[in-house]
Amino acid sequence: MKNHARIRSSFEQHYGHPPEWIARAPGRINLLGEHVDYNDGWVLPAAIDRCARLAFSASTTSEIMLYAADLEANVRFDLNALDDKLDCDGNPLPGWALYPAGVAWVLRQNHLPISGLQAVLTSQIPIGSGLSSSAAIEVIFAVAWQALSPWQQTPMELAQICQRAENEYVGVQCGLMDPFSILHGVRDHALFFDTRTLDWEPVPLPAHVSLVVADSGVRRRLGGSAYNQRREACEQALRLLAKRLPGVHALRDVSLDDFREHEQALPPSLRPIAEHVVGECVRVLRAADLLKAEDAKGFGALMLEGHASLRDLYQVSSPELDTLVEIARELPGCLGARLTGAGFGGCTVNLVEAQTAETFIERLSSAYAQRTGGKADVWISRPVDGANLLLHGQRKPV
Ligand code: ADP
Ligand code: MG
């Protein structure tokens, strides 16, 4: 409740009255299935206990007044002038305001009327660390506008709206996994999600394991541009493979055998890219079965394979992430470790025997400092429920 009290008082200071609502949206980790959600693949993420919060009230105008507490920055923009991406003074919107403005833009494109807002935003999700601070912000605004409107979308529809905001307004060609996880999180469960059919199923994490997140402290380099390049490479590989493989509509449709038979059709630069996606899809399907069978050891081994594939084939790791994984895998009680999120910096996720988790954290932090001179932030992360709302202190689902 401390977090709620703080954001409530910040809102009162800003606007001179208490907020009507508070929304919460968690970050997410991905246990397996990286860079496959834009290839129609399967993923295994979980919502985590670091959250964004938004205190808000409807305003009587079409203006959005927003204070980003962590950045100590204000912005004002008008719902009737979203196309131009300008604030009320005619200046370009700051980068961080593109996320809420993008959500507003998609909602209006979808003929879902929304109101002006007074709002204060704060988040515990580290920025650019692969824990999806951006999607948490998109989701929190989608949830806020829905709370103030007569229309009702399903959580999956809200996730699609957020994805479109990031694709078309912010300009990052991300998939559906991030907003999906943030909206559908289930406490103590991973989410086995088919990004093509949109079927999903919560899978309990075995009670004897903990998830440990290690933030390398290195923020993502290259960000959206490298991400978009990988996506483009996947599309090129798909076009070439589909010419030889009828019925293939996405890389997720290519089996390992098909890939081996036809990889020569791809230029050398595209081969490892496609191989990662094909292999990663197979890994997630096996991993989901192992998790259901409570085989944490088998699951962890696939996480390590997944990391090697992201490092060697997809080439989105970084020296710091590789160091974290190399140290972790040798520590007692560690079952698996891999980078999580898009890569190029950010965090690893580790699957650790619960009784060794505290020692694991100490040893990973000190060995990382010794080897790199850098400081990693390492903590136990619990899967939590997806985004929700508080109205006058009462918890409400989205
Ligand atoms: P991530 O992996 O964390 O999603 P992105 O680069 O996709 O990294 O998104 C990070 C961007 O989201 C930031 O540059 C900023 O624009 C926005 N953002 C994240 N957290 C906050 C916050 N607490 N306040 C304002 N904007 C934020
Ligand atoms: Mg992001």
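Source: prediction; values computed, not measured. Think of each chain on its own: its residues are numbered from 1, step by step along the sequence as written. Ligands are numbered from 1 and chains lettered from A, in the order in which they are written. This being a predicted model, a pLDDT of at least 70 is required before a residue's local features are given, and a value of 80 or more before pairs of side-chain atoms are given or counted; all residues contribute to the totals for chains, interfaces and linings. With hydrogens and water excluded, all non-hydrogen atoms of the structure serve as input to the side-chain values.

Visitor: How should I be thinking about the overall build of the protein chain in this particular structure?
Guide: When helices and strands are counted, the protein chain shows 11 helices and 14 strands. Restricting the calculation to C-alpha atoms gives the radius of gyration, and the globule rule supplies 2.2 Å times the number of residues raised to the power 0.38. For a compact globule of 398 residues, the expected C-alpha radius of gyration is about 21 Å, and the protein chain comes in at 21 Å, within 12% of that figure. Seen along its three principal axes, the alpha-carbon backbone of the protein chain occupies a region of about 60 × 50 × 40 Å. As displayed, the protein chain offers around 16,000 Å² of accessible surface, 49% of which is attributable to carbon and sulfur atoms. Per the convention used, a helix needs a DSSP run of H or I reaching at least four residues, while a strand needs a run of E reaching at least two, with both numbered from the N terminus. Where accessible areas are quoted, they stem from the Shrake-Rupley method and a 1.4 Å probe; at the residue level, only the protein chains shown are allowed to cover.

Visitor: What am I meant to see in the sheet that holds strand β11 (residues 347–353) here?
Guide: Read across the sheet, 4 strands follow the order β10-β11-β9-β12 without closing on themselves; strand pairing throughout is antiparallel. Taken across any chain shown, the strands that pair with only one partner, and hence form the sheet edges, are β10 (334–340) and β12 (377–381). When the angles between neighbouring strand axes are averaged without regard to direction, this sheet yields 20°. For two strands to count as paired, DSSP must find a minimum of two bridges between them. Looking at chain direction, strand β9 (residues 209–215) and β12 are connected through 5 bridges and run antiparallel. Considered in β12, the bridge of Leu211 is made with Ser381. Whether two residues are in contact is decided by their heavy atoms, any of which lying within 4.5 Å being enough. All axes are obtained by fitting lines to C-alpha atoms, using only the stretch in contact for helices, and the reported angles, taken between N-to-C directions, cover 0 to 180 degrees. Along the sheet, helix α9 (residues 296–312) contacts β9, β10 and β11; its crossing angle with β10, the most-contacted strand, is approximately 35°. With respect to the sheet, helix α10 (residues 319–330) is in contact with β9, β10 and β11, its orientation differing from that of β10 by roughly 175°.

Visitor: Is there a simple way to explain the pattern of salt bridges in this structure?
Guide: Side chains bearing opposite charge may pair, as long as their charged atoms lie close to each other. One speaks of a salt bridge when a side-chain nitrogen belonging to Lys or Arg is within 4 Å of a carboxyl oxygen belonging to Asp or Glu. Under the definition given, this model contains 20 salt bridges. Here Arg260 makes a salt bridge to Glu275, at a shortest N to O gap of 3.0 Å. Remark: Glu275 occurs in helix α8 (residues 271–292) and Arg260 occurs in helix α7 (residues 256–262); sequence separation between them is 15 residues. Any residue under 20% of the maximum accessible area for its type is buried, any over 50% is exposed, and the rest in between are partly exposed; the area is computed with a 1.4 Å probe on protein chains only. Looking at Arg260, the relative accessible area reads 43%, which means it is partly exposed. Of the residues examined, Glu275 reaches a relative accessible area of 22% and is grouped as partly exposed. Between Arg283 and Glu280 there is a salt bridge; the shortest N-O distance is 2.8 Å. Of the two residues, Arg283 and Glu280 both sit in helix α8, 3 residues apart, roughly one turn of that helix. Each member of the pair, Arg283 as well as Glu280, is classed as buried.

Visitor: Would you mind going over the nonpolar core with me for this structure?
Guide: Here is a general trend for soluble globular proteins: nonpolar side chains tend to be buried in one another's company. Ranked by internal contacts, the top residues of the largest apolar core, which has 117 residues, are Ile29, Leu31, Leu44, Leu54, Phe56, Leu66 and Trp145. Among the elements that take part in this core, helix α3 (residues 133–147) stands out by supplying 10 residues, more than any other. Counting only domains with at least three residues in this core, you end up with domain 1 (2–203 + 385–397) and domain 2 (205–381). We define the nonpolar core as a collection of buried residues of types Ala, Val, Leu, Ile, Met, Phe, Trp, Tyr and Cys that are connected through side-chain atoms lying within 4.5 Å of one another. All domain edges in this entry derive from an automatic or database-based domain assignment.

Visitor: What exactly am I supposed to notice about the environment of Leu285 here?
Guide: Position of Leu285 among the secondary structure elements: in helix α8. It is 41 Å that separates the C-alpha atoms of Leu285 and Lys85, two residues lying 200 residues apart in sequence. For Leu285, the residues in contact, after removing those within four places along its chain, are Trp42 and Phe192.

Visitor: Quick question: what am I supposed to make of the packing of aromatic side chains here?
Guide: The description of an aromatic ring pair uses the distance of the two centres, along with the angle that the planes make with each other. A pair of Phe, Tyr and Trp rings is counted when the ring centres sit within 6.5 Å of each other, with Trp represented by its six-membered ring. The angle between the planes then sorts it: under 30 degrees is stacked, over 60 is edge-to-face, the rest tilted. Applying the stated criterion to the full structure yields 7 aromatic pairs. Put simply, the rings of Phe180, Phe193 and Trp200 pair up and form one aromatic cluster. The rule is short: NZ of Lys or CZ of Arg within 6 Å of the ring centre and within 35 degrees of the ring normal puts a charge over the ring. Over the ring of Trp379 we find Arg50; its NZ or CZ atom is 3.7 Å from the centre of that ring. Of note, Lys85 hangs over the ring of Tyr169, and the distance from its end group to the ring centre comes to 4.6 Å.

Visitor: Help me understand the site of ligand 1 in this model?
Guide: In this text, near means that some heavy atom of the residue lies within 4 Å of the molecule or strand in question. Around ligand 1 lies a shell of 16 residues, among which Asp70, Gly128, Ser133, Ser134 and Arg220 are the nearest. Two N or O atoms count as a polar contact when they lie within 3.5 Å, although within protein this holds only if one can serve as hydrogen donor and the other as acceptor, and sequence-adjacent residues are included solely when both atoms are side-chain atoms. In the model, an oxygen atom of ligand 1 is placed 2.6 Å from a nitrogen or oxygen of the Ser133 side chain. Burial of ligand 1 by the surrounding chains reaches 84%, relative to a free accessible area of 570 Å². Of all the secondary structure elements, the ones that give two or more residues to the shell around ligand 1 are β6 (116–123) and α3.

Visitor: What is the right way to read the state of the cysteines from this model?
Guide: The term disulfide refers to a covalent linkage connecting the sulfur atoms of a pair of cysteines. Note that a disulfide, as used here, is simply two cysteine sulfur atoms within 2.5 Å. Tallying each qualifying case throughout the model produces 0 disulfides. Its sulfur unpaired, Cys162 is 9.6 Å from the next cysteine sulfur, which belongs to Cys174.

Visitor: Would you explain the sheet that holds strand β2 (residues 42–43) in this entry?
Guide: To summarise the sheet geometry, strands pair through backbone hydrogen bonds and adopt either a parallel or an antiparallel arrangement. One open sheet accounts for 3 strands, arranged β2-β7-β8; its pairing is antiparallel. Among the strands making up the open sheet, the edge pair consists of β2 and β8 (200–204). The pairing of strand β7 (residues 189–194) with β8 spans 5 bridges and is classified as antiparallel. When the sheet's bridge partners are listed, Leu191 is paired in β8 with Pro202. Each of β2, β7 and β8 touches α8; the most contacted strand, β7, lies at about 140° to it.

Visitor: Is there a simple way to think about the domain arrangement of the protein chain in this case?
Guide: One frequently used descriptor of interface size is the decrease in accessible area upon assembly of the parts. Segmentation of the protein chain into domains returns domain 1 (2–203 + 385–397) and domain 2 (205–381). Between the C-alpha centres of domain 1 and domain 2 there is a distance of 26 Å. Taken together, the contact pairs 40 residues of domain 1 with 47 residues of domain 2. Looking at the side of domain 1 facing domain 2, the largest losses of area belong to Leu32, His35 and Trp42, adding up to 19% of the total buried there. Connecting domain 1 to domain 2 are 5 salt bridges. Two parts placed together each lose some accessible area; with a 1.4 Å probe, that loss summed over both constitutes the buried area.

Visitor: What is the right way to look at the side chain of Thr195 in this model?
Guide: Along the polypeptide, Thr195 turns up in the loop between β7 and β8. Given the relative accessible area of 9%, Thr195 is considered buried. At a separation of 2.7 Å, a polar atom in the side chain of Thr195 contacts the main-chain carbonyl oxygen of Gly41. Those residues within four positions of Thr195 in sequence are excluded, and the remaining contacts are Val36, Asp37, Asp40, Gly41 and Val43.

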